[in-house]
Amino acid sequence: MALMSLSWCLSAALALLCGSSWPQVHSSLAPENEVPLRPTTWLPEGKITSITLPKGRTRRLYFTLRKKAPALSVTISPCDLPIEWSLAARTLKDKPLKSPQWSTKKSMPEVWWRGPGTEEKIHSFTGNVVDTYRGPSHPHASIYILRLRSKQQNTRATVYLHEGLGPSGTFPLLPADPRVHTLGVGMTSVTLSWPPSASITSLPHAEKSYDYCVLVNSQKNYPSLCAARESMRKEKDQRQEKKERRRRVTVWPILKEWWWQQWDTYPEPQSPTSSITDEYADLQCVCQGTESVCTVSELLPDTQYYFDVFVMDRLNGTNMAYKGTFARTHEEARPAIITLREGELRWVTFHDRGSNSEQFFTFRPRGWQQSGLLTLQSCGGGEKVKVTVSSKGQVLTSQAVGGDLVHIWLQGSPSYLIHLEREGTTTSQIPAATDLALPGGLMASVKMQTSSAYHRRGVPSLPSTLQIKSFNRLRGCNSVTLAWMGTEERSLYCVYRRKLGNREPEAGGVSALTAPCLGPESRSDTERVLCKYFQELNPRRAVTTAVIGGLEPGMAYVFDVYLMRRWGIPIKYASKMVKTRKEC
């Protein structure tokens, strides 16, 4: 008997030492109207109480009011998950027995439970947003019971009890319409506005204990700052876990080198501060202050974002959430894409010299082989033009385009995107003769042609040199003899002539030499003197000649030879100036 009495005394002593901090555990076998023999969790008045809610278990908090308290308010703020909570008033028909046996072995709430009485539910709520019950005190309530439960997962919640009429002043005030409005949406920015909080507008300008905090993310709206911080913490943990997984499989020499680098650059530990805002220092608010308008910039185009606004009380460490909104940024202004026709010869011009200009084209080859030939030539003198060919988002080739012909073989894709971009100018001035190729004073021009080449197997061959040779011994008063290199492919060669005046022999010759992209389409039919086909399988012997007659004695002529093909831009040889003899 003495041993049992000693054991009961030790149990009572432990209960007194633990006090109200001992968490209440409700047995599933105990009836609803019976409290186990354990200390009771009392809810203090005027103090924010944080509690943990295990999944599927009901947590109970008890409180009583002062005799003259006319009203009460209970505020429940879930963290990140929906919870169920209810408030009930327990009324006793008779006063509890004041027997020494009861008072020493049972806690006071259990004594009330044992006695006859009734329980009335005052309020209940289910959700993940802040909810407040305000009402008059129950006239016959002996004790109030607050029940909280989370069905999904373990979570947290804060509870605040206030006695008396009116707001407690602990939480910031929200306007009657706490919705966030979208003033404007751009490609990389969104402008927001919201009704101001009375907690901020009623304060003197010098007193700054309230702030707005605007958060933006691409996942969802958050009902509270606690939910936002919890989501950020989970993302951080996931990133850290991925780093740890990669670190486990790292080879030891690499890991050793990384360890020494981290050891050398490891930051010094910082001393903790006692500021109330430290809890939310990692929120990274895009806008913070007392202004009720915010412009969120540096967003991605064509992306949906969620915006939340919280009014924070730095003095009490509390906050209230506005009703968030979402908006989708505008997509990037897509440039016009021009469709190129089969065999079309196009002049691409850039009007803007001050900034990078670009143009887009698309080409779809004919035939089941899906092969084609793209030929380009720059006529802009000192202008730098770059061509980029891509298909299905993958870049196939990218190269500069100059005065020489650029051949790009297209094969294996149903369509191709051709991107031409003017990158800038060189220090040399653009020759005056370029105006011939650039009508209207345009700043740059590229000559381009696309054609299907389903019966070809690659880029066509080019002459070994584009120089024209004249023979002095074969030069007469009415004729000259010219020679140029051909190719092993059967092609058409056309010769054009232009007579120079007495005052422009040198200027005319230089003018003709500085216009490499001028094709036969820019020449008059009266200037064409002959066209001939030529083919030589041996490239070293692929030389053809032509005797040009019908000339005037003692006159200067400029001769141009064009290699004409069914595919691609005609190749222009370097202009040759020849003067006939005066006397023969």
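Residues numbered from 1 in each chain as written. Predicted model: local features only at pLDDT ≥ 70, side-chain atom pairs only at ≥ 80, totals over all residues. Heavy atoms only, no water.

## Comments concerning the overall build of the protein chain
Here is step 1: A count of helices and strands for the protein chain gives eight helices and 33 strands.
Here is step 2: A total of 584 residues make up the protein chain; the buried ones form 40% of that total.
Here is step 3: Within the protein chain, contacts between residues separated by at least 24 positions form 78% of all contacts whose residues are at least 6 apart in sequence. (Helix = DSSP H or I, 4+ residues; strand = E, 2+ residues; numbered from the N terminus. Buried < 20%, exposed > 50% of the residue type's maximum accessible area, 1.4 Å probe, protein only. Contact = heavy atoms within 4.5 Å.)

## Side note on the environment of Met 448
Here is step 1: Note on placement: Met 448 falls in strand β25 (residues 444-452).
Here is step 2: In this structure, the C-alpha to C-alpha distance between Met 448 and Thr 375, residues 73 residues apart in sequence, is 5.7 Å.
Here is step 3: Apart from the residues within four sequence positions on either side, Met 448 is in contact with Leu 340, Glu 344, Leu 345, Arg 346, Val 348, Phe 361, Leu 374, Thr 375, Leu 376, Ile 418, Leu 420 and Ile 569.

## Quick look at the sheet that holds strand β30 (residues 543-548)
Here is step 1: Across the sheet, three strands lie side by side as β26-β27-β30; this open sheet has antiparallel pairing. Single-partner strands in this sheet number two, and they are β26 (469-470) and β30.
Here is step 2: As paired strands, strand β27 (residues 480-485) and β30 are joined by six bridges and run antiparallel to one another. When the sheet's bridge partners are listed, Ala 483 is paired in β30 with Thr 545. (Pairing = 2+ DSSP bridges.)

## Examining the pairing of strand β13 (residues 293-296)
Here is step 1: Across the two faces of β13 the burial differs, with Cys 294 and Val 296 buried and Val 293 and Thr 295 not buried at all.
Here is step 2: Sheet topology note: the strand β10 (residues 190-193)/β13 ladder contains four bridges and is antiparallel. Note that in β13 the partner of Leu 192 across the bridge is Cys 294.

## Structural notes on the sheet that holds strand β2 (residues 59-63)
Here is step 1: The four strands lie next to each other as β2-β7-β4-β5, forming an open sheet whose pairing is antiparallel. The open sheet is flanked by β2 and β5 (117-127), the only strands paired with a single partner. For this sheet, the mean angle separating the axes of adjacent strands, direction not counted, is 20 degrees.
Here is step 2: Relative to strand β7 (residues 143-149), strand β4 (residues 83-92) runs antiparallel, the two sharing seven bridges. Following the sheet pairing, Ala 88 is matched in β7 by Ile 145. (Axes fitted to C-alpha atoms, helices over the stretch in contact; angles between N-to-C directions.)

## Focus on the state of the cysteines
Here is step 1: Evaluation of the coordinates by the stated rule reveals four disulfides.
Here is step 2: What pairs with Cys 213 in a disulfide is Cys 285, and their sulfur atoms sit 1.9 Å apart. Negative torsions about the S-S bond denote left-handed disulfides, and the value of about -80 degrees found for Cys 213 with Cys 285 makes this one left-handed. Of this pair, Cys 213 sits in strand β11 (residues 210-217) while Cys 285 sits in the loop between α6 (252-264) and β12 (287-289), and the two are 72 residues apart along the sequence.
Here is step 3: The class for Cys 285 is partly exposed, based on a relative accessible area of 22%.
Here is step 4: Covalent S-S linkage joins Cys 494 and Cys 531, the inter-sulfur distance amounting to 2.1 Å. (Disulfide = S-S within 2.5 Å.)

## Brief notes about the side chain of Glu 344
Here is step 1: If you trace the backbone, Glu 344 turns up in the loop between β17 (337-339) and β18 (345-350).
Here is step 2: A distance of 2.8 Å separates polar atoms of two side chains, one belonging to Glu 344 and the other to Arg 346.
Here is step 3: Apart from residues no more than four positions distant in its own chain, Glu 344 is found in contact with Thr 339, Met 448, Gln 449 and Thr 450. (Polar contact = N/O pair within 3.5 Å; in protein donor to acceptor, adjacent residues only side chain to side chain.)

## Here's the deal with the side chain of Thr 49
Here is step 1: Its location among the elements puts Thr 49 in strand β1 (residues 49-53).
Here is step 2: A relative accessible area of 18% means that Thr 49 is categorised as buried.
Here is step 3: In this view, Thr 49 contacts Leu 43, Pro 44, Ala 157, Thr 158 and Val 159; residues no more than four positions away in its chain are not counted.

## A word on the packing of aromatic side chains
Here is step 1: With the rule as written, the count across this model stands at nine aromatic pairs.
Here is step 2: Pairing Trp 484 with Tyr 493 gives two aromatic rings, centres 6.4 Å apart and planes at 45 degrees, and the pair type is tilted. Each of the two residues, Trp 484 as well as Tyr 493, counts as buried.
Here is step 3: Judged by centre distance (6.2 Å) and plane angle (35 degrees), the rings of Tyr 557 and Phe 559 are tilted.
Here is step 4: Classification of Tyr 557 as buried rests on a relative accessible area of 4%.
Here is step 5: Joined through ring pairs, the aromatic side chains of Trp 194, Tyr 212 and Tyr 322 make up one cluster.
Here is step 6: Taking NZ or CZ as reference, Arg 490 lies 4.4 Å from the ring centre of Tyr 533, over its face. (Phe/Tyr/Trp six-rings, centres within 6.5 Å; stacked < 30°, edge-to-face > 60°. Lys NZ or Arg CZ within 6 Å of the ring centre and 35° of its normal.)

## Here's the deal with the environment of Ala 176
Here is step 1: In this structure, Ala 176 sits in the loop between β8 (155-163) and β9 (181-185).
Here is step 2: Its relative accessible area of 87% is what places Ala 176 among the exposed residues.
Here is step 3: C-alpha of Ala 176 to C-alpha of Pro 195: the two residues are 19 residues apart in sequence and 8.7 Å apart in space.

## A word on the pattern of salt bridges
Oppositely charged side chains may form a pair once their charged atoms are brought near each other.
Here is step 1: Overall, the coordinates contain 18 salt bridges when judged by the stated rule.
Here is step 2: With its nearest N and O atoms 3.0 Å apart, the salt bridge here joins Glu 84 to Lys 151. Residue Glu 84 is located in strand β4, and its partner Lys 151 is located in the loop between β7 and β8; the two are separated by 67 residues in the primary sequence.
Here is step 3: Residue class for Lys 151 comes out exposed when judged on its relative accessible area of 52%.
Here is step 4: Two residues, Arg 346 and Glu 344, come together in a salt bridge whose shortest N-O distance is 2.8 Å.
Here is step 5: What you see here is one network of salt bridges that share partners, running through Arg 156, Glu 230, Arg 233 and Asp 237. (Salt bridge = Lys/Arg side-chain N within 4 Å of Asp/Glu carboxyl O.)

## Here we look at the pairing of strand β31 (residues 556-564)
Here is step 1: A large share of β31 lies buried, amounting to eight of its nine residues.
Here is step 2: As paired strands, strand β28 (residues 491-499) and β31 are joined by eight bridges and run antiparallel to one another. Residue Tyr 493 lies in a different strand from β31, and its bridge partner there is Leu 563.
Here is step 3: By the bridge criterion, four bridges tie β31 to strand β33 (residues 576-579) in an arrangement that is antiparallel.

## Observations concerning the confidence of the model for the protein chain
Here is step 1: Per-residue confidence for the protein chain gives a mean pLDDT of 78; residues scoring 70 or more make up 74%.
Here is step 2: Low pLDDT (under 50) marks residues 100-105, which in the prediction has five contacts with non-local residues, meaning those over four places away or in another chain.
Here is step 3: Below pLDDT 50 for its whole length, residues 426-437 participates in 19 contacts with residues either more than four positions away or in separate chains. (pLDDT = per-residue confidence, 0-100.)

## Observations regarding the environment of Ile 143
Here is step 1: Looking at where Ile 143 falls in the secondary structure, it is placed in strand β7.
Here is step 2: Among the residues examined, Ile 143 registers a relative accessible area of 3% and is labelled buried.
Here is step 3: Along the backbone, Ile 143 and Thr 64 are 79 residues apart, and their C-alpha atoms lie at a distance of 5.1 Å.

## Section: a positive patch on the surface
Here is step 1: Judged by side-chain charge, Lys 236, Arg 239, Lys 242, Lys 243 and Arg 246 come together as a positively charged surface patch.
Here is step 2: Tracing the backbone shows Arg 246 in helix α5 (residues 225-248).
Here is step 3: Given a relative accessible area of 52%, Arg 246 falls into the exposed group. (Patch = residues over 30% accessible without salt bridge, like charges linked within 9 Å, V, L, I, M, F, W, Y side chains within 5 Å. Areas by Shrake-Rupley, 256 points an atom, 1.4 Å probe, with all protein chains shown as cover. Lys, Arg positive; Asp, Glu negative; His and termini not counted. Charge placed at Lys NZ, Arg CZ, Asp CG, Glu CD.)

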